[in-house]
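Close look at the chain arrangement
Here are the chains, one letter per residue:
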Amino acid sequence: MSEPNALDARLVELESKISFAEDLLDTLNMTVFRQQREIERLQKQLAHLQEQLRNATTPAQPLSLRDEIPPHY
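Residues numbered from 1 in each chain as written. Predicted model: local features only at pLDDT ≥ 70, side-chain atom pairs only at ≥ 80, totals over all residues. Heavy atoms only, no water.

Some points on the overall build of the protein
Counted only if it meets this: The helix and strand labels rest on DSSP assignments: H or I over at least four residues marks a helix, E over at least two residues marks a strand, and numbering proceeds from the N terminus. Working definition: with a 1.4 Å probe on protein chains only, accessible area under 20% of the residue-type maximum means buried, over 50% means exposed, and in between means partly exposed. Under the convention used here, a 1.4 Å probe and the Shrake-Rupley method define accessible areas, while residue burial counts only the protein chains that appear.
Each helix and strand in the protein was counted, giving one helix and zero strands. For the protein, the proportion of its 73 residues judged to be buried stands at 0%. When the accessible area of the protein is evaluated, it comes to approximately 7500 Å², of which 60% is carbon and sulfur surface.

A look at the pattern of salt bridges
For clarity, the cut-off: By salt bridge we mean one thing: a side-chain nitrogen of Lys or Arg within 4 Å of a carboxyl oxygen of Asp or Glu.
Scanning the entire structure with this criterion turns up three salt bridges. Linking Glu13 and Lys17 is a salt bridge whose minimum nitrogen-to-oxygen distance equals 3.4 Å. Taken together, the residues Glu13 and Lys17, both in helix H1 (residues 2-56) and four residues apart, mark about one turn of the helix. Glu38 is paired through a salt bridge with Arg41; the nearest N and O atoms lie 2.7 Å apart.

Pasting the structure below:
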């Protein structure tokens, strides 16, 4: 009779491990989902900032030393 009890205990242990593994998998999936969403948000923000930078910059004009005369002159 000890064999069925051992099999039952082994089965319960395996079911427990599977349950924990499924919970861990769900947690990891949710973490990956959130990270992907954050990556997409940051990519959009980066694209927006790059567009702003492109629109804000104009070709630089060479500076003349006359443009840099101190204000007391």
